[in-house]
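A structural walkthrough
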Amino acid sequence: MRVPIRIIGIATSAIWAFLIIFMVTAIYSMKDVRLNIGQFQNSMTQDNQLLLSFPISIVNTGFYNLAQFNISTLVLSANGSMLANGSTFIPIVVHERTVNVTHDITLNLTDLLLANRDMLFDDTELSTNMTVSMRAAEAIPILASSNISIPWGAPLYNLRIGNPEYSIYNATHSRVLVPLSFENHAFFSLTGNVQLHVYNSANAQVTQTTMDFNVLEYSPYQGNVELYIPFGTTSRVHFEMFFAFPFLNYGPLVVPYGN
Amino acid sequence: MGIEDSSHGKKMRKTVFTIAKTVIKTAIVCILYVILSQVLAPLSPLIPGLQGMLQTFIIVYVALMIVSNLTSGTVFQHMFGAARCGFVMAYLIVSLNSGIFDYTFGSVSLMVDLRMFLVIVMMLEILGLAKSVILAIDFVSQKAELIRIQ
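In this text, all values refer to a predicted model and were calculated from it rather than measured experimentally.

Turning our attention to the overall build of chain A. Helix and strand counts for chain A come out as two helices and 16 strands. The C-alpha radius of gyration of chain A comes to 30 Å, more than 25% above the 18 Å expected for a compact globule of 259 residues. Counting all 259 residues of chain A, 19% fall into the buried class. Partitioning the intrachain contacts of chain A with sequence separation of at least 6 by distance along the chain shows that 60% fall at a separation of at least 24.

What follows is the structure in C-alpha cells.
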C-alpha cells in the first residue's frame, strides 16, 4: 500500500515540476517574440483591386517554436460593413529564427466606392481589426487582437471647377478653358480621364471633351479642360462631368454655370 | 525510567526531524517562488496582479504545507494534504478564469488558452486528493488494528 502511494507521489511531483518549468519557460519566452510590421505598399491587381502588402517579420528568440501563426486583418467601413480582409498563415516559426512574410489585403475599390460614394470626395477613417493567433511552444493557444483606425484619403478631395476663361478660337468657335483642381489624398496614384459635357439652357449638348490625368498619391492636381464652343451658345450653361478610373466610372457631376 | 527516557528522546528526535523537514521544504518553495517571480518579472507590466496572485497562492500553499508537515503522524496530516489539493484546484480555476486568461490593455486584447494546462493540473490534484484520502483511510485502519491488538 505504502510503496504504490509513494510512487504515485513521486510521479506526481515529477509531472508537476515538468509542468511548472514548461509553463514558465513558455510564457517567459513569449517576451522574446517580436512582430514587426513595415510600411505597406500598394499595387493594382489585374482585376482592378487594390492590393495592400504589409511586410511582416516575426522574430522568435524564445526557447520554443511557434506553431500555427496566423495574422488576419478585417477592414470595416464607418457603418461597420466589411470592406476587405486578408489572412497570412505560417505553419511554424522555429526558435532562434526570423520569418519574413508579406501580409496582403485586397481591397475592392469598385465595391468600396460604389457603396460609399462620399469616400471619393471626403477623407474618413477605416476601422481595422487585426488578429494575431499562434500556439506558443506548439501547445498554448494565444490570441491577440487590436482595433486600429487607418485614415482614408479621398482621391478627389476638394474637387473644384473654376470660372471658365473664354477666348476667340476661330470664326465659328470660342475656346473655353475650364480650370479643374482636386487633391489626391489617397495612398494610390489616380489614373483616368474626365469627360466634360456642356449643355445649353435648352438642355441640348453643345460640346464635349475628354482629358486624361495621372495624379500621384498624396498630390494635388490642377489643370484646364479645353473646350470649343460654337458662337451663339447662351451664357447659361451647365457642365456634366464623368470620371472614368480603371476601378470606377463616376458621373454625371452636374455643375451649373452662368446667369 | 530508562524506557521512558528513550521514548522521550525518540519523540524529541522525531519532532526535530519534522521541524527540520518542514523548514527545508518551506525554504525550497520560497527559493522556487523567488526564482519564479524573477523570471515572470518582465511580464508583470503586461499582466497586472500577477505578482499578487502568485504571492497569495504561495502564502496559502506554504501555510497548508507547514501545518500538514507539523501534524505528520496524525490523521490531520492527510486532511491538510487534501485541503492543499482542494485549494490548488479552486485557486487555479478562479485565478485562471476556468483556463481562458483574458486581458485587455489599451486597444489590444490578449487571450491565452490555458485549459490544457488546467486539465493536467486538475488530474494531478485529483490524484493527490485521492492519495490523501487513501492515506487517511490507511492511517485510521492501522490505528484501529493497533487498538484491537492491544
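This part takes up the overall build of chain B. When helices and strands are tallied, chain B shows four helices and two strands. When the helices and strands of chain B are listed from N to C terminus, the series reads α-α-α-β-β-α. Relative to a compact globule of 150 residues, whose C-alpha radius of gyration would be 15 Å, chain B shows 21 Å and is clearly more extended. A principal-axis box enclosing the C-alpha atoms of chain B has dimensions of 75 × 30 × 15 Å. Counting over 150 residues, chain B shows a buried share of 11%. When contacts within chain B are restricted to residue pairs at least 6 apart in sequence, those whose partners lie at least 24 apart make up 56%.

Before going further, it helps to spend a moment on the sheet that holds strand S13 (residues 205-215) of chain A. Residue and element names in this part refer to chain A. Ordered in space as S13-S12-S15-S16, the four strands form an open sheet in which the pairing is antiparallel. Where the open sheet ends on each side, the last strands, each with one partner, are S13 and strand S16 (248-257). This sheet shows a mean twist of 20° between the axes of neighbouring strands, independent of strand direction. When strand S12 (residues 190-199) meets S13, the two strands line up antiparallel, connected through ten bridges. Its bridge partner lying in S13, Gln195 is registered against Thr210.

Further remarks concern the interface of chain A and chain B. Accessible area lost on assembly of the parts is the figure often given for the size of an interface. Opposite the 23 residues of chain A that make contact, chain B presents 23 residues. Among the elements that take part in the side of chain A that touches chain B, helix H1 (residues 2-29) of chain A stands out by supplying eleven residues, more than any other. Split into classes, the residues belonging to the side of chain A that touches chain B amount to 17 nonpolar, five polar and one charged. In terms of strand pairing, strand S8 (residues 140-152) of chain A meets strand S2 (residues 108-113) of chain B through five bridges, oriented antiparallel. Looking at S2 of chain B, one finds that Ser146 of chain A is bridged to Val108 of chain B.

Before going further, it helps to examine the pairing of strand S2 (residues 41-44) of chain A. Residue and element names in this part refer to chain A. Across four bridges, the pairing between S2 and strand S3 (residues 50-60) is antiparallel. Following the sheet pairing, Ser43 is matched in S3 by Leu51. Between S2 and the antiparallel strand that follows it, S3, lie five residues; Asn48 among them carries a positive phi value of about 60°.

All names here are of chain A. A small share of strand S1 (residues 33-37) lies buried, amounting to zero of its five residues. The sheet contact formed by S1 and S3 spans five bridges and is antiparallel. Residue Val33 lies in a different strand from S3, and its bridge partner there is Asn60.

Let us now look at the environment of Thr128 of chain A. Its location among the elements puts Thr128 of chain A in strand S7 (residues 124-136). Distance in space between the C-alpha atoms of Thr128 of chain A and Asn163 of chain A is 41 Å, their sequence separation being 35 residues.

Another point: helix H3 (residues 75-95) of chain B. Residues and elements named next belong to chain B. For H3, built from 21 residues, the straight-helix expectation of 30 Å at 1.5 Å per residue is met to within 8% by its first-to-last C-alpha distance of 30 Å. Burial in H3 covers these residues: Gln77, His78, Phe80, Gly81, Ala82, Arg84, Cys85 and Val88. Residue Asn97 follows H3 closely and has a positive phi angle near 50°.

On to the confidence of the model for chain B, then. With 93% of its residues at a pLDDT of at least 70, chain B reaches an overall mean of 85. The complex model carries a pTM of 0.73, and its ipTM stands at 0.77.

Before going further, it helps to spend a moment on the packing of helix H2 (residues 50-70) of chain B against H3 of chain B. Residue and element names in this part refer to chain B. Across the interface, H2 lies against H3 with an axial gap of 8 Å and an inter-helix angle of 170°. In terms of axis orientation, H2 runs roughly antiparallel to H3. Between H2, through Met53, Phe57, Val60, Tyr61, Leu64, Met65, Val67 and Ser68, and H3, the contact on the second element is made entirely by Gln77, Phe80, Gly81, Ala83, Arg84, Phe87, Tyr91 and Ser95. For the contact of H2 with H3, the per-class residue count stands at eleven nonpolar, four polar and one charged.

Cis geometry is found at the peptide bond from Gly251 of chain A to Pro252 of chain A, where omega equals 0°. Among the structural elements, Pro252 of chain A can be located in strand S16. Although it is not a glycine, Asn203 of chain A adopts a positive phi angle of roughly 65°. Relative to the elements of secondary structure, Asn203 of chain A occurs in the loop between S12 and S13. Residue Ser98 of chain B is not a glycine yet carries a positive backbone phi of 60°. Summarising the element assignment, Ser98 of chain B is placed in the loop between H3 and strand S1 (100-105). Exposure remark for Ser98 of chain B: the 11 C-beta atoms within 10 Å place this residue in the exposed category.

Residues and elements named next belong to chain A. Its domain assignment divides chain A into domain 1 (2-152) and domain 2 (157-257). Domain 1 puts ten residues into the contact, and the matching count from domain 2 is nine residues. Here the side of domain 1 that touches domain 2 takes three residues from helix H2 (residues 109-115), the largest share from any one element. In terms of residue class, the side of domain 1 that touches domain 2 is made up of six nonpolar, three polar and one charged.

About the criteria used
Residues numbered from 1 in each chain as written. Chains lettered and ligands numbered in written order. Predicted model: local features only at pLDDT ≥ 70, side-chain atom pairs only at ≥ 80, totals over all residues. Helix = DSSP H or I, 4+ residues; strand = E, 2+ residues; numbered from the N terminus. Rg over C-alpha atoms; globule rule 2.2 N^0.38 Å. Buried ≥ 20, exposed ≤ 12 C-beta atoms within 10 Å, placed from the backbone. Contact = placed C-beta atoms within 7 Å. Pairing = 2+ DSSP bridges. Axes fitted to C-alpha atoms, helices over the stretch in contact; angles between N-to-C directions. Nonpolar A, V, L, I, M, F, W, Y, C, P; charged D, E, K, R; others polar. Expected span 1.5 Å × (residues − 1). pLDDT = per-residue confidence, 0-100. Parallel < 35°, antiparallel > 145°, perpendicular 65-115°, else oblique. Domains from an automatic or database assignment.

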